[in-house]
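Architecture at a glance
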Amino acid sequence: MALLKVKFNQKKRVKLAQGLWLMNWFSVFAGIIVFSMGLFLKIELRKRSEVMDNSESHFVPNSLILMGILSCAFNGFAGKICYDSLDPTKFAKWKPLLKPYLALCFLFNILIFFVALICFLMRGSLESTLAQGLKNGMKFYRDTDTPGRCFMKKTIDMLQIEFKCCGNNGFKDWFEIQWISNRYLDFSSKEVKDRIKSNVDGRYLVDGVPFSCCNPSSPRPCIQYQVTNNSAHYSYDYQTEELNLWGRGCREALLHYYSSMMSSMGAVVLLVWLFETSVMVGLRLLHTSLESIPNPEDPECESEGWILENSLKDTLKSALESLKKIGKFNQVEAGAEGAEGEEAGKTPAITTVS
């Protein structure tokens, strides 16, 4: 028994073809949207590539760009088929191509669904990428005179100002690295010497943060140096008072920004997938309804369309049997080749009669 069998007359076939033609061009527009989303995400990721550890995060925008291009191509082609199906003479040239095309559409829809899932599942990979990238970026913050790293200070400062964040996980991350360049340190000063000698790595570590960590909304002037020293500031308690620094780490801020963007894009891609699936089902019904016309010379006669010629169970069973036959055929060929090789290796015995 065929799956989702529907009876069609000429009027219904024409309406289906016209509706599918319109839906295909809507799908082309949806493909342009998916392409644009991928391009936008790629640009946004490239803006902050200096604070990302690897290029794995570009898998999502590259996939969206590819899916957008393929969607435009597939649906533009399907629109042409639907338009030509209104004329039996024009439709005849597409008949041999429809089954392979529908198989490609099925694979394409699986890929779209996979890309939509990846948009939702990339959070973990993105988090590790940002954590390591920000850690490296903060280490190079002081290297304003080093070629290839001189831009890092500006990058980190602009990032902290734009996203209202401080450090990797929080402002205390700045206490663990030397973020002040040696050129601005007075090495004849006892304080500087003591701080450098206070750690085995010989770094100048302070309980301070860059100016970009300051919250301009705070009524108190920014306390960016001696943050943990209560006696260094009037009416100040490090343990209880709300600091006038950004409390959120930049990893969390960037992760929230990109993951929310990817989740929104994933929802859009899922809608596109549902739309593409409905177009594929409609195209299959149109294809089978046109092929099953009993009298091609009488286009007004009724016909039947279906998704699968047999039930889902029977279709899967026949597919498995076909795969088994292919496997057995390959085994037979391999055995035959082995036998031929053995026979070729044998040398015939020659008897001479004197």
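Residues numbered from 1 in each chain as written. Predicted model: local features only at pLDDT ≥ 70, side-chain atom pairs only at ≥ 80, totals over all residues. Heavy atoms only, no water.

Within an unreviewed UniProt entry, the label attached to the chain reads Peripherin-2, and the organism entered is Anser cygnoides. Under the Sequence similarities (unreviewed entry) heading, UniProt states for the chain: "Belongs to the PRPH2/ROM1 family." According to the UniProt record, the Subcellular location (unreviewed entry) comment for the chain is "Membrane". (UniProt positions renumbered as here; feature names shortened; annotations may be inferred.)

Quick notes on the overall build of the chain
Within the chain, the regular secondary structure consists of nine helices and two strands. Tracing the chain from N to C terminus, the helices and strands come up as β-α-α-α-α-α-α-α-α-β-α. Relative to its 354 residues, the chain shows a buried fraction of 39%. Relative to all contacts within the chain whose residues are 6 or more apart in sequence, the contacts with residues 24 or more apart total 72%. Approximately 21100 Å² of the chain is accessible, and the part contributed by carbon and sulfur atoms is 61%. (Helix = DSSP H or I, 4+ residues; strand = E, 2+ residues; numbered from the N terminus. Buried < 20%, exposed > 50% of the residue type's maximum accessible area, 1.4 Å probe, protein only. Contact = heavy atoms within 4.5 Å. Areas by Shrake-Rupley, 256 points an atom, 1.4 Å probe, with all protein chains shown as cover.)

Quick word on the UniProt feature "transmembrane region" (unreviewed entry) in the chain
The UniProt feature table records "transmembrane region" (unreviewed entry) at residues 20-41, 62-81, 101-122 and 255-275. Helix and strand shares over residues 62-81 are 100% and 0% respectively, and the end C-alpha atoms of the span are 29 Å apart. The span residues 101-122 shows a helical share of 95% and a strand share of 0%, and its end C-alpha atoms are spaced 31 Å apart.

So, the packing of aromatic side chains
The geometry of an aromatic ring pair is captured by two quantities: the separation of the ring centres and the angle between the planes. According to the stated counting rule, one finds eleven aromatic pairs in the structure shown. Look at Phe74 and Phe108: their rings are 5.1 Å apart centre to centre, the planes differ by 15 degrees, and that puts the pair in the stacked class. Of this pair, Phe74 sits in helix H2 (residues 59-84) while Phe108 sits in helix H4 (residues 95-121); the two residues are 34 residues apart in sequence, bridging distant segments of the chain. In terms of burial, Phe74 and Phe108 fall into one category: buried. What links up through ring pairs into an aromatic cluster is the set Phe74, Phe77, Tyr101 and Phe108. (Phe/Tyr/Trp six-rings, centres within 6.5 Å; stacked < 30°, edge-to-face > 60°.)

Quick word on the pattern of salt bridges
Taken as a whole and judged by the stated rule, the model has twelve salt bridges. A salt bridge links Arg149 to Asp143; the shortest N-O distance between them is 3.2 Å. We classify Arg149 as partly exposed; its relative accessible area is 34%. Note on Asp143: relative accessible area 13%, which makes it buried. Within this structure, Glu44, Lys47, Arg48 and Glu162 form a network of salt bridges that share partners. (Salt bridge = Lys/Arg side-chain N within 4 Å of Asp/Glu carboxyl O.)

A short note on the side chain of Asn244
With respect to the secondary-structure elements, Asn244 resides in the loop between helix H7 (190-197) and helix H8 (250-291). Among the residues examined, Asn244 registers a relative accessible area of 6% and is labelled buried. At 2.7 Å, the side chain of Asn244 forms a polar contact with the backbone oxygen of Pro221. Polar side-chain contacts of Asn244 include one of 3.3 Å to the backbone nitrogen of Ile223. What Asn244 contacts, discounting residues up to four positions off in sequence, is Cys213, Cys214, Asn215, Ser218, Arg220, Pro221, Cys222 and Ile223. (Polar contact = N/O pair within 3.5 Å; in protein donor to acceptor, adjacent residues only side chain to side chain.)

Some details on unusual backbone geometry
Despite not being glycine, Lys164 has its phi angle at roughly 55 degrees, a positive value. With respect to the element layout, Lys164 can be found in the loop between helix H6 (152-163) and H7. Of note in this structure, Gln226 is not a glycine but carries a positive phi near 50 degrees. Note on Gln226: relative accessible area 36%, which makes it partly exposed.

A look at the packing of helix H1 (residues 10-47) against H8
Their axes nearest at 9 Å, the elements H1 and H8 cross at an angle of 155 degrees. The orientation of H1 relative to H8 falls into the category roughly antiparallel. For the crossing formed where H1 meets H8, the hand is left-handed. Its residues placed into classes, the contact of H1 with H8 shows 25 nonpolar, five polar and three charged. (Axes fitted to C-alpha atoms, helices over the stretch in contact; angles between N-to-C directions. Parallel < 35°, antiparallel > 145°, perpendicular 65-115°, else oblique. Left-handed = near helix turned anticlockwise from the far one by under 90°. Nonpolar A, V, L, I, M, F, W, Y, C, P; charged D, E, K, R; others polar.)

Details of the packing of helix H5 (residues 123-139) against H8
Where H5 contacts H8, the two axes come as close as 10 Å, and the packing angle between them is 145 degrees. In terms of crossing hand, the pair formed by H5 and H8 is right-handed. Facing Arg123, Leu126, Glu127, Leu130, Ala131 and Leu134 of H5, the residues of H8 in contact are Cys250, Arg251, Leu254, Leu255, Tyr258, Ser259 and Met262. Of the residues assigned to the contact of H5 with H8, the class counts are nine nonpolar, one polar and three charged.

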